[in-house]
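What the coordinates show
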Amino acid sequence: MKVTVNITLKNGVLDPQGKAIEKALHSLDFNNISNVKTSKQISFDIACDNKEEALKHVDLMCKELLANTVIEDYEIIL
């Protein structure tokens, strides 16, 4: 089963990489953009009998390793 995990910073958490990208785009005269945010996407295959079991395992992976739940949110797509 294919799994994709999208990890984003929580609202209110500073995104210095996003700000640097926005500044660089502005320096290239792309001035019509704002509020650039960066994120991570992790994709993998998991061997599970059903979606519920896979979701449970991936959620645990996110909480224990893949995401820093203090400052990041995550979305699991099966």
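Read on for a plain summary of the structure. (Residues numbered from 1 in each chain as written. Predicted model: local features only at pLDDT ≥ 70, side-chain atom pairs only at ≥ 80, totals over all residues. Heavy atoms only, no water.)

1. Things to note about the nonpolar core
Core analysis: the largest hydrophobic core is formed by 11 residues, namely Val3, Val5, Ile7, Ile46, Cys48, Ala54, Val58, Cys62, Leu66, Ala67 and Ile76. Counting residues per element, the ones that place at least two in this core are β1 (2-9) and α2 (51-66). Broken down by element, this core gets its largest block of residues, four residues, from α2. Once residues lying within four places of it in the same chain are set aside, the contact partners of Ile7 are Ser39, Lys40, Ile42, Leu66, Ala67, Glu72, Asp73 and Tyr74. (Core = buried A, V, L, I, M, F, W, Y, C linked by side-chain atoms within 4.5 Å. Buried < 20%, exposed > 50% of the residue type's maximum accessible area, 1.4 Å probe, protein only. Helix = DSSP H or I, 4+ residues; strand = E, 2+ residues; numbered from the N terminus. Contact = heavy atoms within 4.5 Å.)

2. Here's the deal with the environment of Thr38
Among the structural elements, Thr38 can be located in the loop between α1 (16-27) and β2 (39-45). A C-alpha to C-alpha distance of 24 Å links Thr38 and Leu55, two positions 17 residues apart in sequence. Residues in contact with Thr38, not counting those within four places in the same chain, are Asp15, Gln17, Gly18 and Ile21.

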